[in-house]
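# Topology and contacts: notes
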Amino acid sequence: MSAAPVLPGWYPLLRARDLRALPLTRCFAGNQLILRRTPEARIEATDPAGQVVRITAEADGWIFVAEGSPPESARAGSALIGAQSAQILVAGHVRAGLGDVGENILDTTHTSVVHQDYLRRPGERRAVEAIVTSGDNWISATYPPGAAPSGWGARLLGAHRYTICDTFRAPSIAEVTYTDDGAPVFAARFHLTPAAPGETYVAATIAVPGGGAVAAIKLAALRLFFQRIFAEDRAILELIGANRDAHRGGPLVFAPQDLLRPGIEAILSGRQPAAPVHSVALLV
């Protein structure tokens, strides 16, 4: 299966705080870019091979590079939580493609296997009904509270009683929102940037409502959880990538529980996503 073209849009390359006086090199879609801050405080990204200066922007704590001609306003998404909130930024690389990483982030069914004990208690898989919807360049799955993680770590944060909404939108953004009676209690946005072939840079923004010490404690705990989750998911994703490399040319097969994967592949290919069915019963 050949790699999909990079869709027009804004892609983060690094945290804004990491670019200081000295220039840094980052890889975007297989090309090395040199990023620097100019004396006028502008951000410049240059492709040293062709001496091409790329359009950049700084927003939401990230430095973005433009692919194609995306609208200026699209470089930053809408607020994760509309009211007062606190947030942290988490970033990392994984040797897997955009589709695999996006599906993994938004796949609720894998937590009972990969993240058992602390995210989901062994033997506590439940039958739930997920609602799948789609629109212009996005697809979403909403799960009832019964699908929320129920392990000791999840209960410590109260996650076991929340409704989950997972969304993938163009160009390659995965969003997860937990709500309690319609009020957001946790939100995360994962910008997925194609780095080298078969490698993805994951730029995550995690937010909780409120502020002060309580929000800071929640975010500190979430950072620890995400570091462990990311390490476990990276190990599996990189095995998937190695397996795919060993069977080049093999078709991509969607399992019944891959609720969003067909839509994710459509979006990454520049096609309109479609929800195959509105309501899906599954075990999580």
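Quick note: structure is the one above.
These numbers come from a predicted model, not from an experiment.

Definitions and cut-offs
- Residues numbered from 1 in each chain as written.
- Predicted model: local features only at pLDDT ≥ 70, side-chain atom pairs only at ≥ 80, totals over all residues.
- Heavy atoms only, no water.
- Salt bridge = Lys/Arg side-chain N within 4 Å of Asp/Glu carboxyl O.
- Buried < 20%, exposed > 50% of the residue type's maximum accessible area, 1.4 Å probe, protein only.
- Helix = DSSP H or I, 4+ residues; strand = E, 2+ residues; numbered from the N terminus.
- Core = buried A, V, L, I, M, F, W, Y, C linked by side-chain atoms within 4.5 Å.
- Contact = heavy atoms within 4.5 Å.

All told, the structure shown has ten salt bridges when counted by the stated rule. Note that Arg36 is salt-bridged to Glu44, the shortest N-O span being 3.6 Å. Since its relative accessible area comes to 30%, Arg36 is described here as partly exposed. Since its relative accessible area comes to 23%, Glu44 is described here as partly exposed. In this structure, the salt-bridge partner of Glu58 is Arg37, at a minimum N-O distance of 3.2 Å. In this pair, Glu58 is assigned in strand β6 (residues 56–59) and Arg37 in strand β3 (residues 31–37), connecting sequence segments 21 residues apart. What makes Arg37 partly exposed here is its relative accessible area of 26%. Within this structure, Asp100, Arg261 and Glu265 form a network of salt bridges that share partners.

As a further point, take the nonpolar core. Among the nonpolar cores identified, the biggest contains 43 residues, and Phe168, Phe186, Phe190, Ile206, Leu259 and Leu260 are the most heavily contacted of them. Apart from the residues within four sequence positions on either side, Phe190 is in contact with Ile105, Ser172, Ile173, Ala174, Val176, Val202, Ala203, Ala204 and Phe226. Within the second largest apolar cluster, 22 residues are counted, among which are Leu7, Ala66, Leu89 and Tyr201.

Right, let's talk about the environment of Leu260 for a bit. Turning to its location among the elements, Leu260 is positioned in the loop between α4 (212–246) and α5 (261–268). Along the primary structure Leu260 and Asp245 are separated by 15 residues, whereas in three dimensions their C-alpha atoms are 23 Å apart. Ignoring any residue separated from it by four or fewer positions in sequence, one finds Leu260 in contact with Leu106, Val132, Ile139, Ser140, Ala141 and Asp166.

Shape descriptors only; they carry no functional weight alone.
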